[in-house]
Amino acid sequence: FPVTIQDDDFDSRKKFLDNIWKQNKVGVYLDEIWKRHLGKGQVLFYLRPTKEGSYKFYFFDKNEFRDYYNIDGELNEVVIRYSYKERGNYQNQIKWIKLTINSETITQVYSDSPPSFEQDPQGTFSTNVKTTKNTLGFIPCVVAKNNPSKPGEPGVGEFVQLASQIEKHDRQVAGIDDNLDFFGNPSLVTTR
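Rules and cut-offs
- Counting from 1, residues in each chain are numbered in the order their sequence is written.
- Since the coordinates come from a predicted model, pLDDT governs what is reported: local features require at least 70, and pairs of side-chain atoms require 80 or more to be given and counted, while whole-chain, interface and lining totals use all residues.
- Hydrogens and water molecules were not included; the side-chain quantities draw on all heavy atoms of the structure.
- The cut-offs for exposure are 20% and 50% of the maximum accessible area for each residue type, with area from a 1.4 Å probe on protein chains only; residues under the lower value are buried, those over the upper are exposed, and the others partly exposed.
- Labels follow the DSSP assignment, with helices taken as runs of H or I lasting at least four residues and strands as runs of E lasting at least two, numbered in each case from the N terminus.
- Note: the arc covers the axis-to-C-beta directions of the helix.
- Residues are treated as being in contact if the distance between any of their heavy atoms lies within 4.5 Å.
- Note on pairing: DSSP must find at least two bridges between two strands before they are called paired.
- Helix axes use the C-alpha atoms of the stretch in contact, all axes being lines fitted to C-alpha atoms, and the angles between their N-to-C directions lie in the range 0 to 180 degrees.

K.L.:
Whenever I open this one, helix 2 (residues 30-40) confuses me. Can you help?
P.N.:
Note: α-helices contain 3.6 residues per turn, so residues at a spacing of three or four share the same orientation. Residues of helix 2 that are buried include every one of I33, R36 and H37, and no others. Considered in projection along helix 2, the buried side chains sweep an arc of 100 degrees and stay on one side of the axis. The outward face of helix 2, more than 90 degrees from its buried face, is lined by the exposed residues D31, W34 and K35. For helix 2, the secondary structure elements touched by its buried residues are strand 1 (42-49), strand 2 (55-61) and strand 8 (141-145). Of the residues one or two after helix 2, G41 is the one with positive phi, at around 105 degrees.

Next comes the structure, spelled out in structure tokens:
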């Protein structure tokens with residue numbers, strides 16, 4: 001097999017990636033990324049271009065995005081939905097952003113409530129929609145899946161098979177604690 005060169009003689013690609021790693025402090029988030037990958041089953045990595053010519057690194061768990069594939073199993077579109085806090089007059093308000101990314105466009109929808117993954121951004125949120133051309137020509141996202149069943153299918157968390165047993169155990173421990181509190185009450189013991 002021929003060897004594919006990933007970098008040039010000046011290590012430009014490695015320097016570029018190291019710079020993104022340092023600017024975004026990715027090392028700080030590795031434990032959380034690993035936890036979401038194992039626990040939720042998949043994580044989406046998104047590199048968002050900035051005006052300065054660099055990239056912001058974002059990651060989302062499976063509840064925050066939907067990934068769509070073409071017939072060849074290639075990533076065709078990504079929809080990301082996340083919240084942020086906006087400072088208001090008296091209290092912080094939770095606002096929502098929905099990004100729809102494909103190789104041609106990036107559509108950003110702002111809303112006060114969680115937007116639907118499937119809803120068309122035109123119409124209800126028409127005043128809060130911003131569509132820009134995707135100058136990269138590709139989707140700057142990677143989906144890291146844990147235990148996928150086949151290409152294009154979602155990943156599965158490590159504890160899915162044990163979830164009912166873990167929840168049952170938690171209920172039993174809570175019941176034991178309640179019984180100890182009730183029957184260990186000194187006034188109850190003295191009146192018996």
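K.L.:
Any chance you could explain the sheet that holds strand 8 here in plain terms?
P.N.:
Pairing between the strands of a sheet comes from backbone hydrogen bonds, and it takes one of two forms, parallel or antiparallel. Spatially, the three strands line up as an open sheet ordered 2-1-8, and their pairing is antiparallel. Strands at the two margins of the open sheet, each flanked by one partner only, are strand 2 and strand 8. Mean inter-strand twist for the sheet, computed between neighbouring axes without regard to direction, equals 20 degrees. Sitting on the sheet, helix 1 (residues 12-24) is in contact with strand 1 and strand 2, with an inclination near 70 degrees to strand 2.

K.L.:
What's the story with the pairing of strand 2 in this structure? I'm lost.
P.N.:
On a regular strand, each side chain points to the face opposite its neighbour's, so the side chains alternate between the two faces of the sheet. Counting buried positions over the seven residues of strand 2 gives five, a clear majority of the element. Relative to strand 2, strand 1 is paired through seven bridges, and the arrangement is antiparallel. Bridge pairing links L44 to F60 in strand 2. Where strand 1 folds back on strand 2, the antiparallel hairpin that results is connected by five residues, among which G53 adopts a positive phi of roughly 90 degrees.

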